[in-house]
Amino acid sequence: MWLDKSDEGVFKRVRQQEHLELYGSDADFYEEVYRRDSVHEPVLKWADRLGEGSEILVVGSGTGIVAEKLSKSHDVLGLERSRDMLEVARDRRPGVDFIHGDMRCFDINEDFDGVVAYGQPASYLSKDDVVKFAINVKDHLQGDGWLFVDHFAPDATELTPEWREVPGTPVEVSEVYTQAGGGTVQAEFHYRFKDGSTVSETHNLYIHETDTIQRIFSQKGFKPAKKGKYWKGAVYHCFTHRQ
């Protein structure tokens, strides 16, 4: 079924976003667009290799959609910087634990079997901040732990601005990228509904080279295991933790 645009609180505006200021009160919109398993296939397949009952930390957990899906077979903790999103996650997913924190500098007295940075949170970080995240996440992984991280790569900015279906959903998305200065690009995401109406949002993003991400994590003690592309021009990486 197509999304119902009757809720003005969800679909009424174009929202401007700055670095690390995550989605806030647009939570309901993201719930509807991104709640389907098909959208999250890469990270769900990654988690299968960890084994049932593994302890997983989800950084940038948002409204907790992915954390909840992973919690069906794993012990999951979500970490989110936006207090608005954190409140939504706790309210809608009482069976999953969520805490407030910044992916660059969180400090949890626990080592995890896996850490997930999914939904392109690395694209809201400068290169220096990605390094900080790599150092920090290394301190929170078991010796044989796994990391999943994704980001927008330069290929994303070359996507033709045409309508494409969000996998497994009846929503279409189109993107327009323009240079914004300071090593960032301005990304406009437009979502189209069955009646032809649209919702748009604008993000300032850091577009990292795939090799740059692999080099940063390799230098901080990770071994690249797999990488791939998926919708909206994003790239994902799977790393193992080396002692």
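Residues numbered from 1 in each chain as written. Predicted model: local features only at pLDDT ≥ 70, side-chain atom pairs only at ≥ 80, totals over all residues. Heavy atoms only, no water.

1. Quick look at the pattern of salt bridges
Applying the stated criterion to the full structure yields seven salt bridges. One network of salt bridges, with partners in common, ties together Arg 81, Asp 102, Arg 104, Asp 129 and Lys 132. (Salt bridge = Lys/Arg side-chain N within 4 Å of Asp/Glu carboxyl O.)

2. Observations regarding the environment of Val 59
Along the polypeptide, Val 59 turns up in strand S2 (residues 55-59). Along the chain, Val 59 and Gly 101 lie 42 residues apart, while their C-alpha atoms are 8.5 Å from each other. With residues up to four places along the chain from it excluded, the contact list for Val 59 reads Leu 79, Met 103, Phe 106, Val 115, Val 116, Ala 117, Tyr 118 and Phe 133. (Helix = DSSP H or I, 4+ residues; strand = E, 2+ residues; numbered from the N terminus. Contact = heavy atoms within 4.5 Å.)

3. Quick notes on the pairing of strand S6 (residues 141-152)
Here S6 lies mainly inside the structure; nine of its twelve residues are buried. Relative to S6, strand S5 (residues 112-117) runs parallel, the two being bridged by five bridges. Each bridged residue has a counterpart across the sheet, and for Phe 112 the counterpart in S6 is Leu 141. In terms of handedness, the path from S5 via helix H6 (residues 127-138) over to S6 forms a crossover that is right-handed. In the sheet, S6 pairs with strand S12 (residues 234-241) via seven bridges, with the strands oriented antiparallel. (Buried < 20%, exposed > 50% of the residue type's maximum accessible area, 1.4 Å probe, protein only. Pairing = 2+ DSSP bridges. Right-handed = clockwise from strand over helix to strand, strands pointing away.)

4. As for the packing of aromatic side chains
By the definition in use, this model includes seven aromatic pairs. With 5.5 Å between their ring centres and 10° between their planes, Phe 148 and Tyr 236 make a pair best called stacked. Separated by 88 residues along the polypeptide, Phe 148 in strand S6 and Tyr 236 in strand S12 bring together distant segments of the chain. Following the ring pairs from residue to residue traces out a cluster consisting of Trp 46, Tyr 118, Phe 148 and Tyr 236. Note that Arg 49 overlies the ring of Trp 146, its terminal NZ or CZ placed 4.5 Å from the centroid. (Phe/Tyr/Trp six-rings, centres within 6.5 Å; stacked < 30°, edge-to-face > 60°. Lys NZ or Arg CZ within 6 Å of the ring centre and 35° of its normal.)

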